[in-house]
Protein chains: 2
Amino acid sequence: MSVHKKKKKRGSINLPLGFSLAGIHCGIKRRKNDLGLIVCKDGAKALGFFTKNVNVSYSLQVSKKHINNNIKALIVNSGNANCFTQRSDYVKTLKICQSLAQTLKIKTENVLIASTGIIGKPLSFGRIKKGLPPLCQSLGQGYQEFAKSMLTTDTFPKMTSRQIKVGEEKFTITGFAKGAGMIQPGLATMLAFILTDASISRKVLYGLAREAVEKSFNSISVDGSMSTNDSVYFLASQKTHPIKQARALNSFKVALEEVCLELAKMIVKDGEGASKFITINVKGARSKEEAKRAFQAISSSVLLRAAMFGENPNWGRIVASLGQAGIKIREDKFTALFKNLKKKEVTISVNLGRGHYSWGGWCCDITPQYVRLNAGYS
Amino acid sequence: MSVHKKKKKRGSINLPLGFSLAGIHCGIKRRKNDLGLIVCKDGAKALGFFTKNVNVSYSLQVSKKHINNNIKALIVNSGNANCFTQRSDYVKTLKICQSLAQTLKIKTENVLIASTGIIGKPLSFGRIKKGLPPLCQSLGQGYQEFAKSMLTTDTFPKMTSRQIKVGEEKFTITGFAKGAGMIQPGLATMLAFILTDASISRKVLYGLAREAVEKSFNSISVDGSMSTNDSVYFLASQKTHPIKQARALNSFKVALEEVCLELAKMIVKDGEGASKFITINVKGARSKEEAKRAFQAISSSVLLRAAMFGENPNWGRIVASLGQAGIKIREDKFTALFKNLKKKEVTISVNLGRGHYSWGGWCCDITPQYVRLNAGYS
């Protein structure tokens, strides 16, 4: 029996069975798409991985309440984080879900909502409400408009897809993401929606999804800032034959990790003002936890990231950042190798010389353009 | 009885009794002064506050061993951190202290050593050794040369002085510092030497110095990076009448805090590429510890500091950074006020609305120039 796997090119993806997408401009942003919708009319098993920031958006608060329900719709807006304005905006957020539910003839509790954009500026709920009928009418007109609707300072839409066939068992996994700034392990101004038609229990999906998120979205850093809105959602429509074979389940796991990883890397490549994509491989740690901590310390060092912009193998800054994170290293055991320093994709291989555990992740350099972009963004 | 206090202008300071200073160029750097010396031939009670980074320089390791002794000399070099090269460099560092001790006819254990500059590049011990005779010969030729000898990317020497007279009791406190990059609460690429001729026990000095350091050097942030070399040294030559009156001791405490604070602020003002000096006042915290943590979270947010460069009151980034630090705030209780946003000295007043504790500190903005400077520094 053979395993077939297809990787589609960016911009050419398959939608899993049971999902229908839309994206429009409703007026939160000046011109570009700012309102997106995923509908799964027969319901989907859903999971959400959320930011560890303790100040979170009203959208996230509502979604956290609904996430254990049978999910039939997910609405997303960009241009406004719907965060830290007035407590009464929580109720307005719920009402948007209610209006959408009425339009789609479903229940409010079956709706998820996500927002991304500036914090502390009141969201124009009126514009979203007016946008709901045209949004629902444009359902099914293509995922491109949806992918665009969730962007902020991103320079390109981020999506990828895998189709798997193991004997009779066939399924699709498709993911969408947005990133750009405030990206830090622990999830940041980042939204990702992973859709699949696979028939998989919530429990099994949770195990696989948690590992995939850890290896991808939680292993990237753009600027060390953790946002109030970050969420990764998984929706499984259960439209294909149940996954029974261990081999099929394994293929699903691999494809899920690939989709998450590809989206995560796109987020780093599109990091605000970034000129280099940096892979950091840490080995020789005493534990997996220490290897992750070392990766996070190195990838969030502004000084090292500035050195990368200058194509300068300043490994002393790695030593300093590790020490700041409490990781003591020895001169005769530590090594740091820089590969392709002058190219767009740099690899830094660090051996802590303390043990046998390893971890890897991705970040980008910091550039004068990053500072200029964030000086003006409001 | 009146308290007389004189504040000298920058560049015009008094040296406390019992100290003699020197600074020369020995060849670690291309042109500028790179070797400095403080001699206190009758000995001084000494204290050291060191970086919390676990990877520290050989100089710091040696000084930590000697700090409890009667200190008669302190040698400092700039241009090289003397850190993370070869373990055998620890012995070479000790030998420099030994050579200096021989020249000055004191013991090796009475010598402190401090270094600042790039990490991981072998220090030319030979050049320092050759520099020792001319260094010792130029002792007493003025503190200006000493102040210059400890600089790296600093754009001006940092020193300040206070003279106190309470009745018969009279003493001087004089401090020197260097800063520029890698500045973060917890001490960073920062060296400071505070000299006084006051007769004060090590125990009393420790209590006062610890508080002064906490309010000054530990309340500033330039770039969130903690260096391998940071140290603040206090040397008390005991040359004046013992401090007996509570009032004199209080004047000493105030003057000590002022000297530390003035040096700390100079470090922030001279932060690499900085265009703005930012005072952050946090109030309404549940504890002093929480107030400090809030200050640290806000001052180390690259996004907020970029917004300050853009003169943009993006308080949403304060909300996000507080949440990242685990400090949950309420929309109806939290306030953030920006004052003089368009001027060189900005004040941000944050009320967490959680309790009655407060803390304040200083940082600078992040600019394209900071990135350029650190892209090239090696």
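Everything numeric in this text was worked out from a predicted model, so none of it was measured.

Relating the two copies of this chain is a rotation about some axis coupled with a shift parallel to it. Once chain B is rotated about the relating axis by 180 degrees and shifted along it by 0.0 Å, it coincides with chain A to within an RMSD of 0.0 Å. A rotation of that kind, with that shift, is consistent with a two-fold axis. For chain B, the minimum C-alpha distance to the rotation axis belongs to Pro368(B) and amounts to 2.0 Å. A shared binding surface is used by both copies, with 100% of the interface residues of chain B retained as interface residues in chain A.

Residues and elements named next belong to chain A. Axis separation between helix H7 (residues 288-299) and helix H9 (residues 316-324) bottoms out at 8 Å; the angle between their running directions is 125 degrees. Classified by the angle their axes make, H7 and H9 are oblique. Along this stretch, H7 crosses H9, giving a crossing that reads as right-handed. The segment H7 lies against H9, with Ala294, Ala297 and Ile298 engaging Ile318, Ser321 and Leu322. The class makeup of the residues in the contact of H7 with H9 is five nonpolar, one polar and no charged.

Turning to the interface of chain B and chain A, a few remarks are in order. Each partner contributes residues to the interface: chain B has 53 residues there, and chain A has 53 residues. Notably, a salt bridge pairs Arg87(A) with Glu331(B), separated by 3.2 Å at the nearest N-O pair. Our count for the contact surface shared by chain B and chain A stands at 10 residue pairs in polar contact (both at pLDDT 80 or more). Residue composition of the side of chain B that touches chain A, by class: 25 nonpolar, 20 polar and eight charged.

The next thing to look at is the packing of helix H1 (residues 58-66) of chain A against helix H2 (residues 88-104) of chain A. Residue and element names in this part refer to chain A. The N-to-C vectors of H1 and H2 enclose an angle of 60 degrees; their axes lie 9 Å apart at closest approach. The pairing of H1 with H2 is recorded here as oblique in orientation. Pair H1 / H2 crosses with right-handed handedness. Facing H1, whose interface residues are Tyr58, Ser59, Gln61, Val62, Lys65 and His66, H2 presents Asp89, Tyr90, Thr93, Leu94 and Cys97. Along the lines of polarity and charge, the residues of the contact of H1 with H2 split into five nonpolar, four polar and two charged.

To continue, consider the confidence of the model for chain A. Residues and elements named next belong to chain A. Of all residues in chain A, 92% attain a pLDDT of 70 or more, and the chain-wide mean is 88. Low pLDDT (under 50) marks residues 183-188, which in the prediction has 44 contacts with non-local residues, meaning those over four places away or in another chain. Overall fold confidence for the complex sits at a pTM of 0.82, while the interface term, ipTM, reaches 0.75.

This next bit is on the environment of Arg247(B). Note that Arg247(B) resides in helix H6 (residues 246-269). Along the primary structure Arg247(B) and Val166(B) are separated by 81 residues, whereas in three dimensions their C-alpha atoms are 7.5 Å apart.

So, on to the sheet that holds strand S12 (residues 335-339) of chain A. Residue and element names in this part refer to chain A. If you walk across this open sheet you meet the five strands as S9-S14-S11-S13-S12, and the pairing is mixed. Only two strands of the sheet have a single partner each, and these edge strands are strand S9 (220-221) and S12. Summarising the sheet, strand S11 (residues 277-285) and strand S14 (residues 357-364) pair through seven bridges and their orientation is antiparallel. The residue of S14 that forms the bridge with Ile280 is Gly361.

The rules behind the values
Residues numbered from 1 in each chain as written. Chains lettered and ligands numbered in written order. Predicted model: local features only at pLDDT ≥ 70, side-chain atom pairs only at ≥ 80, totals over all residues. Heavy atoms only, no water. Least-squares fit on C-alpha atoms with pLDDT ≥ 70 in both. Contact = heavy atoms within 4.5 Å. Axes fitted to C-alpha atoms, helices over the stretch in contact; angles between N-to-C directions. Helix = DSSP H or I, 4+ residues; strand = E, 2+ residues; numbered from the N terminus. Parallel < 35°, antiparallel > 145°, perpendicular 65-115°, else oblique. Left-handed = near helix turned anticlockwise from the far one by under 90°. Nonpolar A, V, L, I, M, F, W, Y, C, P; charged D, E, K, R; others polar. Salt bridge = Lys/Arg side-chain N within 4 Å of Asp/Glu carboxyl O. Polar contact = N/O pair within 3.5 Å; in protein donor to acceptor, adjacent residues only side chain to side chain. pLDDT = per-residue confidence, 0-100. Pairing = 2+ DSSP bridges.

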